[in-house]
Every structure is written in C-alpha cells, then in structure tokens.
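Residue strings, one per chain:
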Amino acid sequence: MRFKLLIHQARRAFSKSALPAFAALALLGATVGVAACREVTHAENAPPPRPAMFKLADSDSEIYLFGTVHILPPELKWRTPAFDAALGKAKRVYFETPSGPDAEARAIALTQSLGMNPPGVTLDSYLKPDEQARLRSAAGKAGTTIENLQPMRPWLAAIMVSLSAMMEAGQDPDSGVEKVIEAEAAQTGKTLAYFETIDEQLGLFAKLSEQS
C-alpha cells in the first residue's frame, strides 16, 4: 500500500532579527488571530486539540491532508493520536516548500532582491496619507516601526507586520507545525517532497500588484 501524508501550509515585520524568522516560514506565514489563539492556549479546561485531517483512499493507497500554521505558541498542543498514527505509517511526506538552513538562506537572498524598493523609493510613496497613518498605527501595535518598513515593497511590508504581531504575542517560528514535522520525518527515514520551490513561492509575491 502506498501511504502519503500531505502537510499543507496555510497561505496568508524588517529588522535584521526578524528576517531569519521570516525566512523560516518559507514566506507563507499564516495570518491567524493572535489574541484568539493566545486565549484558547491559556484557557482553563480547554478541550483536547482536534485539528482537521482529511483522508483519501482507494484499494492500494491512502493519502492524508493535514492543515497547518507556520508559527505557533510553544505551549500550544496540536498533535492528536490520529495525526501521529498517520505520520507513523507514512512513507512519503509532502510539504508546500522546503525549510532548513539552505532554504532559509535562499529565502533571505530572494527577499532582499525581490522585496526591497529601488534606491530613492519608500513604502510611503505607494500609500495615500490616510493609509500611511493606518500603517504607522498597525506597525506600532505589531512591535515594529514605519521606519523599519520604508525600504520594503508593499507585499513584504504586509508580511513583516503580520509576522511581527505574531512574535510580539509570544508565538515562535520554531514551534510551527512544518518545522517540527519536517525534522521528525527526516529523522525517521521518510521521503520528503515539496510542491513548490522557494523561488516559485516568492515569485508569486513579487508579482502582486503594488496597489493590492
């Protein structure tokens, strides 16, 4: 029987300290509700985790699809017996993009080449005055500043604000599902496969309209 587990990453801010964490997310950090996530994490008598997992099967194959989030509170319990059983049987595990040191280095290089404005252009130049004011407020609440964002193109600035907000709330890229499972799968001798490269994924962001 062929058995596969698909780890599907949810799609969804610029100091030097934040960039490695950004790269670790493979530039696909999910925009989760930070306050809601912390509330559930710390709630007393919280029910056991029940993340969705879907099964597709025929006479000789089983495929499981498991939705994930890149960055989570370290104390959050998301594993279930059903997930561990599926991972244990899987011979091949698919992720959306690779992680690890090589992928992170490539993501950093591409971010600097695709996500930064040309000389003389700032983030404010894309925005109306009211939009600039809203961005300043959002950046402050996320624990960063508009000055840190000025060198960036809009798509990168948006991701960095989201990432800063999550990290400010105590979430950690090292606790993300993909990073945990990819290391575990590799250690147990499973074949790792990926749907996209870092170049393909970042290229999608870089082609977004500046006004989107």
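Predicted, not measured: the structure shown is a model, and the values here were computed from it. Every residue gets a number counted from 1 within its own chain, in the order that chain's sequence is written. For a predicted model such as this one, the threshold for reporting local features is a pLDDT of at least 70, and the threshold for listing and counting side-chain atom pairs is 80 or more; totals across whole chains, interfaces and linings nevertheless cover every residue. Just so you know, side-chain values use all the structure's heavy atoms and leave hydrogens and water out.

Chemist: Can you help me understand the packing of aromatic side chains in this one?
Modeler: The relative placement of two aromatic rings is captured by the distance of their centres and the angle of their planes. A pair of aromatic rings is counted whenever rings of Phe, Tyr or Trp (Trp by its six-membered ring) have centres within 6.5 Å, and the orientation is called stacked for planes under 30 degrees apart, edge-to-face for over 60 and tilted otherwise. Taken as a whole and assessed by the stated rule, the structure comprises 6 aromatic pairs. Between phenylalanine 66 and tryptophan 78 the ring centres are 6.1 Å apart and the planes differ by 40°, which places this aromatic pair in the tilted class. With phenylalanine 66 in strand 3 (residues 61–68) and tryptophan 78 in the loop between strand 3 and helix 3 (81–89), this pair connects stretches of sequence that are 12 residues apart. For the residue pair phenylalanine 66 and tryptophan 78, the accessibility class agrees, reading buried in each case. What links up through ring pairs into an aromatic cluster is the set Phe66, Trp78 and Phe83. Numbering of helices and strands runs from the N terminus, with a helix taken as a DSSP run of H or I at least four residues long and a strand as a DSSP run of E at least two residues long. For every residue, the accessible area (1.4 Å probe, protein chains only) is compared with the maximum for its type, and the residue is labelled buried under 20%, exposed over 50%, or partly exposed between those bounds.

Chemist: Hey, could you run me through helix 8 (residues 177–187) in this one?
Modeler: Helical geometry: 3.6 residues make up each α-helical turn, so side chains three or four residues apart lie on a common side. Residues of helix 8 that are buried include every one of Val177, Glu178, Ile181, Glu182 and Ala185, and no others. Each buried residue of helix 8 lies within a common arc of 110° when the element is viewed along its axis, so the set occupies one face. Positive backbone phi, approximately 80°, marks glycine 189, located one or two places after helix 8. By definition, the arc is the one covered by directions from the helix axis to the C-beta atoms.

Chemist: Whenever I open this one, the nonpolar core confuses me. Can you help?
Modeler: Across soluble globular proteins, nonpolar side chains show a tendency to be buried alongside one another. Core analysis: the largest hydrophobic core is formed by 21 residues, its most contacted members being Leu135, Leu149, Met152, Trp155, Leu156 and Ile198. Taken together, the elements giving at least two residues each to this core come down to helix 4 (101–114), helix 5 (129–141), helix 6 (146–149), helix 7 (154–168) and helix 9 (198–206). Top contributing element to this core by residue count: helix 7, with 6 residues. The contact criterion used is simple: two residues touch if any of their non-hydrogen atoms lie within 4.5 Å. Ignoring any residue separated from it by four or fewer positions in sequence, one finds leucine 135 in contact with Leu123, Leu127, Ile146, Leu149 and Val161. Within the second largest apolar cluster, 11 residues are counted, among which are Leu72, Ala90, Phe95 and Ile181. Throughout, nonpolar core names a set of buried Ala, Val, Leu, Ile, Met, Phe, Trp, Tyr and Cys residues whose side chains join them through atoms within 4.5 Å.

Chemist: Would you take a moment to explain the pattern of salt bridges for this structure?
Modeler: Should their charged atoms come close, side chains of opposite charge can pair. Each reported salt bridge corresponds to a side-chain nitrogen of Lys or Arg within 4 Å of a carboxyl oxygen of Asp or Glu. One pass over the structure, following the stated rule, counts 8 salt bridges. Between lysine 179 and glutamate 104 there is a salt bridge, with its nearest N and O atoms 3.6 Å apart. Taken together, the residues span a long stretch of sequence, with lysine 179 in helix 8 and glutamate 104 in helix 4 at a distance of 75 residues. The exposure class assigned to lysine 179 is partly exposed, which follows from its relative accessible area of 30%. Take glutamate 104: its relative accessible area is 18%, and that puts it in the buried class. Where arginine 106 meets aspartate 199, a salt bridge forms, and the shortest distance between an N and an O atom there is 2.5 Å. Of this pair, arginine 106 sits in helix 4 while aspartate 199 sits in helix 9, and the two are 93 residues apart along the sequence. By relative accessible area, aspartate 199 is classed as partly exposed at 37%.

Chemist: What should I look at first to understand the pairing of strand 2 (residues 53–57) in this one?
Modeler: For a regular strand, the rule is simple: side chains alternate between the two faces of the sheet. Burial within strand 2 is sparse, with just 0 of its 5 residues counted as buried. Taken together, the 5 bridges between strand 2 and strand 3 define a ladder with antiparallel strand orientation. Bridging across to strand 3, methionine 53 finds its partner in phenylalanine 66. Here the rule is simple: two strands pair whenever DSSP picks up at least two bridges between them. The loop that links strand 2 with its antiparallel partner strand 3 comprises 3 residues.

Chemist: Would you take a moment to explain helix 4 for this structure?
Modeler: One less than the residue count of a helix, multiplied by 1.5 Å, gives the span that helix is expected to have. Spanning 14 residues, helix 4 covers 20 Å between terminal C-alpha atoms, matching the ideal 20 Å at 1.5 Å per step. Among all positions in helix 4, only Ala103, Glu104, Ala107, Leu110 and Thr111 are buried. One side of helix 4 holds all its buried residues, which, seen down the axis, span an arc of 130°. Along helix 4, the residues that are exposed and aim more than 90 degrees away from the buried face are Pro101 and Asp102.

Chemist: So what exactly am I meant to see when it comes to the confidence of the model for the chain here?
Modeler: Atomic detail in the predicted coordinates should be set aside for any region of low pLDDT. Scored by pLDDT, the chain has a mean of 79; 77% of the residues are at 70 or more. When pLDDT is averaged over each element of the chain, helix 5 comes out on top at 93 and helix 2 (residues 34–42) at the bottom at 38. Per residue, pLDDT measures the predictor's confidence, with a range of 0 to 100. Predicted confidence is poor over residues 7–43, with pLDDT under 50, and the contacts of this stretch with residues over four places away or in other chains come to 109 contacts.

Chemist: Could you clarify how one ought to interpret the environment of isoleucine 198 in this entry?
Modeler: By the secondary structure assignment, isoleucine 198 is in helix 9. Residues isoleucine 198 and glutamate 104, spaced 94 residues apart in sequence, show a C-alpha to C-alpha distance of 8.9 Å.

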